[in-house]
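Observations on chain architecture
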Amino acid sequence: MLYLCIYEWNVVILVFENKMKRVYMNRLIKSLILGVLGIMTMSCGKEDIADEYFVRYVAVANGQSEVLINYTNEKNENVSVQSPANFVTHEYTVGPVTVGFEAKMEATYSESGDALELLMIEVSKNGGKYEKKQSGEKCPSIIYTIE
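It should be emphasised that the depicted structure is a prediction, and the values quoted were computed from it without experimental measurement.

Cis geometry is found at the peptide bond from G95 to P96, where omega equals 0°. Looking at the secondary structure, you find P96 in strand β4 (residues 89-97). Positive phi outside glycine occurs at N76, with the angle close to 60°. Here N76 lies in the loop between β2 (67-72) and β3 (78-83). Notably, N126 is not glycine yet its phi reads approximately 50°, a positive angle. With respect to the helices and strands, the residue N126 is situated in the loop between β6 (118-125) and β7 (131-137).

Attention shifts here to the sheet that holds β3. Pairing in this open sheet of four strands is antiparallel, and the strands run β3-β2-β5-β8 from one edge to the other. Edge strands, defined here as strands with exactly one partner in the open sheet, are β3 and β8 (141-145). With direction set aside, neighbouring strand axes in the sheet form an average angle of 15°. Taken together, the five bridges between β2 and strand β5 (residues 102-109) define a ladder with antiparallel strand orientation. Bridge pairing links N70 to E106 in β5.

Conventions used here
Residues numbered from 1 in each chain as written. Predicted model: local features only at pLDDT ≥ 70, side-chain atom pairs only at ≥ 80, totals over all residues. Heavy atoms only, no water. Helix = DSSP H or I, 4+ residues; strand = E, 2+ residues; numbered from the N terminus. Pairing = 2+ DSSP bridges. Axes fitted to C-alpha atoms, helices over the stretch in contact; angles between N-to-C directions.

This is the structure:
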């Protein structure tokens, strides 16, 4: 009789353990499926985010003559600026812009029409450091297209 009671308790314990294993396995499988779906959803969203670029136009003059500078802004409009003679470095930043944006800059001395000492186009991607993409010494204009 004692043997029968111990046997019945062992069966009850085994049945209980099997049910618990199934419950935990079901929870584990559901968690894994939800995790995989979550990762797939998150990775799909990242592809939709476009890179953001900022363009900095730099013109270096002799500081003795007025300067006329034309550049393209983020709306693809031409912007003209007349700068006084006492400025040596002229900087203008536009953005955000996207891939395919064509950055154009023209700069000359107002009186003579001669080219400035240096023109430069720098680009920052996603808030990073500005990198020189195009430059020219004694040239009236430069162009760079963001790729």
